[in-house]
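Structural characterization, general
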Amino acid sequence: MPDALQLEQLLIRQGSFTLAADLAVQSGSVTAIMGPSGGGKSTLLGAVAGFVPLERGRVFWYGDDITQSPPGQRPLSILFQDNNLFPHLTIAQNIGLGRSPRLKLGTPEWSEIDTILERLGLAGMGKRKPSELSGGQQSRAALGRVLMARRPLVLLDEPFAALGPGLKQEMLDLAISSLSEAGQTLVMVTHDPDDARRVAGNVIVVAEGKAHAPLPTGQALDGATGPLRGYLAQP
Amino acid sequence: MASSPNAVTPSVPRWPGAIAAGLVLCLTLGTLAAVSFRAEWSGGLSASDWAAVRFTVLQAAASAALSIIAAIPVARALARRRFRGRGVLITLMGAPFILPVIVAIIGLLAVFGRGGLLNSALSALGLPLVSIYGFQGVVLAHVFFNLPLAVRLILHGWLAIPAEQFRVAASLNMPVGRYLEWPMLRAVVPGVALAIFLICLTSFAVALTLGGGPKATTVELAIYQALRFEFDMATAARLAMIQFVICATAAGLAWLVTLPQDAGAGFDRVVQRWDGAGLALVWDVLALAGAMVLLLLPLGMVVQRGIAGLTLIPEDIWSAALRSLAVAVVSALLCSSLALALALRRGGVLAGISAVLPLAASGLMMGTGLFIMVWPFVDPAKLALPVTAMVNAAMALPFAYRALAPALEQIEAGFGRTADSLGMTGAARLRWLILPRMRRPLGFATGLAAAMSMGDLGVIALFARSDQETLPLAMFQLMGAYQMEAAAGVALILLTLSVGLFWLFDRGGRADA
């Protein structure tokens, strides 16, 4: 598989904290970012999305240099831990923003939103505000926006972490199945080795100031020899 | 070189903020330039100039000191007692901001004036009468307006003392006053005093109605008299510059002390305490009762006399009411647009300065400057209403900005990244993120600006002829003609419209879309 995302000689500096990355992510793959808390997992994702300024290095998407592109013009969707949905807009509007930031949508787009809602088990809820939905339903709606946006790279910064363990697993599986259908490349932060084992083909280990090149999940999570053995041994 | 894409492209265009800052700078520094160009300094300050400066500073200092002294026991009582109506009382203490000054003065006259309640009682007892005019009247009115503000700000300080400290003090039998309350007061009071001092330096309407004469003329009143009665632009300009220097000095001092902020929330906490029995209870009851009488009696008199006076109001008052409403609405919309545009510059230095500069530039100084600027080209009276709307907008700007800027920061902190990642920039960000989430503070700021403009008796008095009267000006003229009953009737209308306008905008911001 060709490389989709390439991080070339990246260096991020925030005060005394630094993070270096020189790696590539394959097209259509599911990659987990793992490592100790405070190691820079979210920072790495933020750098790819264009939120974290780079000290040096470049970001490529299929060979195009996107280092200078503002977040909204990068070929990616990102879901954060919270505040993915705007509470003052309806679910349908929230999803529609994935396609048009001005919400200039025609009839075909609105019916596309209905289709997505149906597919995610949210049929008929388009006119509701996020606060009228359960936590799981809100996560589905956020996922609906990613589907609507149809951008080829999807970054998940633990958007389902606040859900209970069962629901979290269910949401992750739903995300993987609906996104891989469209051939999207997926990079996600996770703390949970089981999540990684279940859905990710590769793991990027972020620790001690460095984001390592992706390793096959089994190898990365090997408790005896893998790079995360110290981290995984913790209770 | 560091590449920081998100810092390079602002999410909202910066030109509206630049225009707003330009307009405010024109209104403040531009008018300052105009008055400095026209001012005549031959012979320095005249004796009457000095008298005006002295009176201005003295009355402001006395007003600030008395407001604070009276506020401390009231704030303490509110901090340590829980009783029915406590919340209502605290809310009511926020009301003077939207209460037209001249309406309050009608109420104060009804209580403390020549034929008022106090003097009727005194004469019935055969005691000498007191006069509400001059120094004591100006200070009384200022205390009426600023005592509530002082109470709210000092109460904030009291409620910020952690409950654990009172518990520790009680267990050690430490005197709470000396170890907990006195240090808090020492930290909070200077800022509160300066804020009130600054407000009293520029309160024109109080001096206009209760001051006057060589012994009780403020600089602003002197400006008005020079321009209005003597048509002496050189003197007016000189006085306007003096006023600017006084206010800028006070504002500069205030900058150093960092003014306290009325957070407007969190008052419902009552800390459990172990002192305050016995004599302290009597003291608290007296403080609260005294404050309530001082604040509520004049307002009650406005309503009572106003209802009686409604039948006596002149026919043309309704066109004055329409003019007032138009000026207030235009001014409020202008004010909140300016505040929003400046807030969208998010921490820009020029925007920040523009947002506080009107505190240093008094309304009368801006008015004098504009008068001098338009005078060669057009009859200033023709521009009375637009100029009033503009100056009022500038005067309310610091308060509106203070309501909007933190709200915007909160929105950006919560939803900025999601909006960025979706490419919501410019108008889209404003329409789908910022405006809907700012409705509450926007409604509040607009309502505040509308009420402040509605009740303003400042620039309008400088510019208007009788055919452009607003309600406060019409009231002032009725009072000057000793038609106090009719004036009270107009006061009731003005009060209703001011409060109504504030309520309408504030409510509009709260209603769910």
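All values reported here derive from a predicted model rather than from experimental measurement.

All names here are of chain B. Across chain B, pLDDT averages 89, with 94% of residues at or above 70. For chain B, per-element mean pLDDT is lowest for helix H1 (residues 5-8), which scores 42, and highest for helix H14 (residues 317-343), which scores 96. Counting interchain partners and residues more than four positions distant, the pLDDT-below-50 stretch residues 1-8 has 17 contacts. Reported confidence for the predicted complex is 0.89 by ipTM and 0.87 by pTM.

A word on the domain arrangement of chain A. Residues and elements named next belong to chain A. What the domain assignment lists for chain A is domain 1 (3-75 + 151-232) and domain 2 (85-149). Here the C-alpha centroids of domain 1 and domain 2 sit 25 Å apart. Counting residues at the interface gives 14 residues for domain 1, matched by 10 residues for domain 2. Counting the surface lost from both domain 1 and domain 2, the interface buries some 930 Å², and carbon and sulfur atoms represent 65% of this.

Contact residues are listed per partner, giving 31 residues for chain A and 25 residues for chain B. Buried area between chain A and chain B, both sides added, is near 2400 Å², and the carbon and sulfur share of it is 59%. Considering only the side of chain A, the residues that lose the most area to chain B are Phe51(A), Phe86(A) and His88(A), jointly responsible for 22% of the buried surface there. Summed over the shared surface of chain A and chain B, the number is 6 residue pairs in polar contact (both at pLDDT 80 or more). A class-by-class count of the residues in the side of chain A that touches chain B yields 15 nonpolar, 10 polar and 6 charged.

Now for the packing of helix H2 (residues 15-38) of chain B against helix H12 (residues 233-257) of chain B. Residue and element names in this part refer to chain B. Taken N-terminus to C-terminus, the directions of H2 and H12 make an angle of 130°; their axes are 8 Å apart at the nearest point. Classified by the angle their axes make, H2 and H12 are oblique. The crossing of H2 and H12 is left-handed. Contact residues: Leu32, Val35, Ser36 and Arg38 in H2; Met233, Ala234, Ala237, Ala240, Met241 and Phe244 in H12. Class assignment of the residues belonging to the contact of H2 with H12 gives a composition of 8 nonpolar, 1 polar and 1 charged.

Basis of the calculations
- Residues numbered from 1 in each chain as written.
- Chains lettered and ligands numbered in written order.
- Predicted model: local features only at pLDDT ≥ 70, side-chain atom pairs only at ≥ 80, totals over all residues.
- Heavy atoms only, no water.
- pLDDT = per-residue confidence, 0-100.
- Helix = DSSP H or I, 4+ residues; strand = E, 2+ residues; numbered from the N terminus.
- Contact = heavy atoms within 4.5 Å.
- Domains from an automatic or database assignment.
- Buried area = accessible area lost by both parts, 1.4 Å probe.
- Polar contact = N/O pair within 3.5 Å; in protein donor to acceptor, adjacent residues only side chain to side chain.
- Nonpolar A, V, L, I, M, F, W, Y, C, P; charged D, E, K, R; others polar.
- Axes fitted to C-alpha atoms, helices over the stretch in contact; angles between N-to-C directions.
- Parallel < 35°, antiparallel > 145°, perpendicular 65-115°, else oblique.
- Left-handed = near helix turned anticlockwise from the far one by under 90°.

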